[in-house]
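# What the coordinates show
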Amino acid sequence: MVFQRGDSIKCAINYVGAEATRVLKLSPAWTPGYQYGFPVYVTYMVPIGFTLEY
């Protein structure tokens, strides 16, 4: 899954993806990766756990 500015998270359960997107938007600003003094794209994996109640 690729999450870039403006993208949304795809999930089987719609409201879980919406909640994950909301939580990531609340995170502090991320520092970009740099290589040879230039900002580069970096892959991050952020595990988000959910407990579903029926």
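As a starting point, this report considers the structure included with it. What you are looking at is a predicted structure, and each value in this text was computed from that prediction instead of being measured.

Cut-offs and rules
Residues numbered from 1 in each chain as written. Predicted model: local features only at pLDDT ≥ 70, side-chain atom pairs only at ≥ 80, totals over all residues. Heavy atoms only, no water. Patch = residues over 30% accessible without salt bridge, like charges linked within 9 Å, V, L, I, M, F, W, Y side chains within 5 Å. Areas by Shrake-Rupley, 256 points an atom, 1.4 Å probe, with all protein chains shown as cover. Salt bridge = Lys/Arg side-chain N within 4 Å of Asp/Glu carboxyl O. Helix = DSSP H or I, 4+ residues; strand = E, 2+ residues; numbered from the N terminus. Buried < 20%, exposed > 50% of the residue type's maximum accessible area, 1.4 Å probe, protein only. Contact = heavy atoms within 4.5 Å.

## Some thoughts on a nonpolar patch on the surface
On the surface, Tyr15, Val23, Trp30, Val40, Val42, Tyr44, Val46, Ile48, Phe50, Leu52 and Tyr54 cluster together into a nonpolar patch covering about 1100 Å² of accessible area. Along the chain, tyrosine 54 turns up in the segment after β2 (38–40). We classify tyrosine 54 as exposed; its relative accessible area is 95%.

## Observations regarding the environment of glycine 33
By secondary structure assignment, the location of glycine 33 is in strand β1 (residues 33–35). Here glycine 33 falls in the buried class, since its relative accessible area comes to 16%. In sequence terms glycine 33 and threonine 43 are ten residues apart; their C-alpha atoms lie 9.4 Å from each other. Not counting the four nearest positions on each side in its chain, glycine 33 is found in contact with Phe38, Pro39, Val40 and Val42.

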